[in-house]
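Each chain is listed here by its residues.
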Amino acid sequence: MQIVVLSDIHANMEALEAVLSHASGWDELWFLGDAVGYGPDPEGCVERLAALEPAVWLAGNHDHAALGIIDTSEFNPEARRAAEWTREQLGERSRERLSAARPRVELPEHSITLVHGSPRQPIREYILNAAGAAENFEHFATERCLFGHTHVPIVYLQAVDGVLRIGMEPGIPVALEPESRYLINPGSVGQPRDGDPRAAYLRFDLQACEVTLHRVAYPIEATQTKILAAELPPRLAARLEYGW
Ligand code: ZN
């Protein structure tokens, strides 16, 4: 069974389309949250995602901010401005779709837990390093957990003597040991933050028990032009080309 895992689309339609055409076929699509926020196409991205009928659709902190479920006082000023703008853009249908997204999903048949932030705090917590991963291994019971939110692709393995950090090279499968426990981040479709501006997504082959990161170039200038035309903060356009 081939799974395509997407996270943190952030209303970036050009990045989403590039990823979808690169990924082409899959058995199921799993989405780890933050369909909107930062980017210029919230309505379009929610509708596009809905049309794909993801088997898993999680809520992220920016989705909740756009719905008014969480307040944006802890966001930086640019993220806050984008959240307010996004709130004005979303139609009733998109609001309903985002409201239906869940904070945490467990798939016992695959021994997989899925969250946006962390198993401990599914919406808000960032797993930024091995220490954060180590604490979070105590907060889910399955062998693997997929998470997003940091916009940085990474694999953490729970080993006997601590948590190992395993980097992923695009296009090179990482084999998952059976019986071992992993926290896995597919990176961000619409706003990568690991210094590589290309859109990121993950292919998870459940039978072969391996994950493969993919990076896809997309027309960043087109997204930047839309961000500026919408009078969103210019830094949100600039950061896309640095992958930060
Ligand atoms: Zn995000």
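Up top you'll find the structure we're talking about.
What comes next is a walk through the structure. The model shown is predicted, which means the values in this text are computed figures rather than measured ones. (Residues numbered from 1 in each chain as written. Predicted model: local features only at pLDDT ≥ 70, side-chain atom pairs only at ≥ 80, totals over all residues. Heavy atoms only, no water.)

### Remarks on the layout of surface pockets
Take a probe with the size of a water molecule and roll it over the atoms, and the empty space left behind shows itself.
Thinking step 1. In this model, the largest pocket occupies a volume close to 300 Å³.
Thinking step 2. Taken together, 16 residues make up the lining of the largest pocket; nearest its centre are Tyr-38, His-62, Asn-76, Tyr-126 and Arg-193.
Thinking step 3. For the lining of the largest pocket, the elements supplying multiple residues, two or more each, are helix 3 (61-67) and helix 8 (234-242).
Thinking step 4. By residue class, the composition of the lining of the largest pocket is 5 nonpolar, 5 polar and 6 charged. (1 Å grid on protein atoms, 1.4 Å probe; cavity = no way out; pocket = protein on both sides within 12 Å on 5 of 7 lines; lining within 4 Å. Points joined across faces, edges and corners; volume = space filled by probe spheres on them. Helix = DSSP H or I, 4+ residues; strand = E, 2+ residues; numbered from the N terminus. Nonpolar A, V, L, I, M, F, W, Y, C, P; charged D, E, K, R; others polar.)

### Side note on the packing of aromatic side chains
Thinking step 1. Evaluated as defined, the whole model comprises 2 aromatic pairs.
Thinking step 2. The interplanar angle of 80 degrees and the centroid separation of 6.2 Å between the aromatic rings of Phe-31 and Trp-57 together place this pair among those described as edge-to-face. On the criterion of sequence distance, the pair formed by Phe-31 in strand 2 (residues 28-31) and Trp-57 in strand 3 (residues 56-57) is long-range, its members being 26 residues apart. Accessibility assignment for this pair places Phe-31 and Trp-57 in one class, buried.
Thinking step 3. An angle of 35 degrees between the planes, with centres 5.7 Å apart, marks the rings of Phe-137 and Phe-140 as tilted. Here Phe-137 and Phe-140 have matching classes, each one buried.
Thinking step 4. The cationic tip of Arg-181 hangs over the ring face of Phe-140; the distance from NZ or CZ to the ring centre is 4.4 Å.
Thinking step 5. Sitting over the face of the ring of Tyr-38, Arg-239 holds its NZ or CZ atom 5.6 Å from the ring centroid. (Phe/Tyr/Trp six-rings, centres within 6.5 Å; stacked < 30°, edge-to-face > 60°. Buried < 20%, exposed > 50% of the residue type's maximum accessible area, 1.4 Å probe, protein only. Lys NZ or Arg CZ within 6 Å of the ring centre and 35° of its normal.)

The analysis is restricted to geometry; functional conclusions fall outside its scope.
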